[in-house]
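Each chain, written out:
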Amino acid sequence: MIDLVSDTITKPTLEMRKAIAEAEVGDSQRGEDPTVNLLQNAVCDLLGKEAALFLPSATMANQIAYKVHTRPGDEIIMDRFSHPIHFEGGSPAFLSGVMIWQVSGERGVFTEDDVLAAIRPDDPHSPRTRLVSVENTHNLGGGKVWPLGKLMDVCTAAHDNGLDVHMDGSRLMNAVVASGVSAREITAEVDSVTICFSKGLGAPVGAALAGSKAFIKEARRCQQVFGGAMRQAGIIAAGALYGLRHHVERLAEDHANAKLLAEGLAGENGIGVDPSDVETNIVYFRVDGAGMSAIEFAERLKERGVRMGAYKDGRVRAVTHFDIKRADVIRAVEAVHKTLS
Ligand SMILES: *Cc1c(COP(=O)(O)O)cnc(C)c1O
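Since the structure is predicted, the reported quantities are computational estimates derived from the model, not experimental observations.

A.B. asks: How would you explain the pattern of salt bridges if you had to name every residue and give the values?
C.D. replies: For the coordinates displayed, the defined rule picks out 16 salt bridges. The shortest N-O distance in the salt bridge between D7 and R171 comes to 2.8 Å. Here D7 is found in the loop between β1 (2-3) and α1 (14-21), whereas its partner R171 is found in the loop between β6 (164-169) and α8 (172-179), with 164 residues between them in sequence. We note that D7, like R171, is buried. In this structure, the salt-bridge partner of R107 is E279, at a minimum N-O distance of 4.0 Å. A residue pair is termed long-range when its members are at least 10 positions apart, and R107 in the loop between β4 (99-103) and α6 (112-118) and E279 in the loop between α12 (251-266) and β9 (282-286) qualify at 172 residues. Note on R107: relative accessible area 24%, which makes it partly exposed. A relative accessible area of 26% places E279 in the partly exposed class.

Right under this line is the structure:
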């Protein structure tokens, strides 16, 4: 099976498993796990933040961030196709009791004017606007990288109006590799940032949340409350650390493979795809022109040994990752060709 359903399906390599097996561990709830501490320090260095917290998932990292930044009844501004709206089980409402103002961005990227227009008046009738949340790269936006200038403008608009900014940087390292801009530069003006280790970086478990010392102090309390405070978590932190040290530069390979896939698909009759939209490792395309629903297409493609994701909105998603080689992409395009003919 050539599995393009997600970059979360990668399994730890032999070398990563070795690092995991040899990890020094301790009670991380007491701050005594040396591998967790090493990872948290590495994340601080990477992102230029004062403090960081190792967590079981990026969902938890985002939700702890929302909890710390807001109070019940507050409102968060984010793009309407953001991950926390669609794939985190309604948790902003469930866990933090917040409202979300959905902005219509361009593949997940919105503007300072969108932020300014969304800010509520200081009036007891209105929810209190508290936070802007940006997603970089943007998943449903097709792995779109936030242009640095636009990001800085959004941060300035937010800060000028007393709002904090959170970045869901689950795929931040894809943005770094695609843009050539350092992670520190990208996150310089955001108040908190999530990164995920179990996507392109290939670790089996884990994410991190970074921010100021005061922010992480509160986040540490929420980690306990949400049940995310772990014990000998160095076992999994070792995989994350290994991914951070060894699997960042190779993301360029995933990006080249995604581009190759999009170009191959563009040559097929009945497929709607724009290869110039592919900036990182995610390819969305439509099959309407082939007289097939996305779900039907994905089912038939799977019978030919290639798995992709089908969405209700009629789009098909293919994601490249560690376990996908160039030859797999070529075979995947051949399988698509046969599925359509
Ligand atoms: C995958 C993902 C998450 C959640 O990550 P988990 O570690 O699976 O909880 C959050 N945001 C974005 C943009 C993602 O792609």
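There is more to say after this.
A.B. asks: Explain the packing of aromatic side chains to me, using residue names and the numbers behind them.
C.D. replies: This structure, assessed with the given rule, holds four aromatic pairs. Taking the centre distance of 5.1 Å and the plane angle of 90° together, the rings of F110 and W146 count as edge-to-face. Taken together, the positions of F110 in the loop between β4 and α6 and W146 in the loop between β5 (128-135) and α7 (148-160) put the pair 36 residues apart, joining distant regions of the chain. We note that F110, like W146, is buried. Their ring planes at 90° and their centres at 5.8 Å tell us that F285 and F297 sit as a pair that is edge-to-face. Note that F285 is positioned in strand β9 and F297 in helix α13 (residues 294-303), a separation of twelve residues in sequence.

About the criteria used
Residues numbered from 1 in each chain as written. Predicted model: local features only at pLDDT ≥ 70, side-chain atom pairs only at ≥ 80, totals over all residues. Heavy atoms only, no water. Salt bridge = Lys/Arg side-chain N within 4 Å of Asp/Glu carboxyl O. Helix = DSSP H or I, 4+ residues; strand = E, 2+ residues; numbered from the N terminus. Buried < 20%, exposed > 50% of the residue type's maximum accessible area, 1.4 Å probe, protein only. Phe/Tyr/Trp six-rings, centres within 6.5 Å; stacked < 30°, edge-to-face > 60°.

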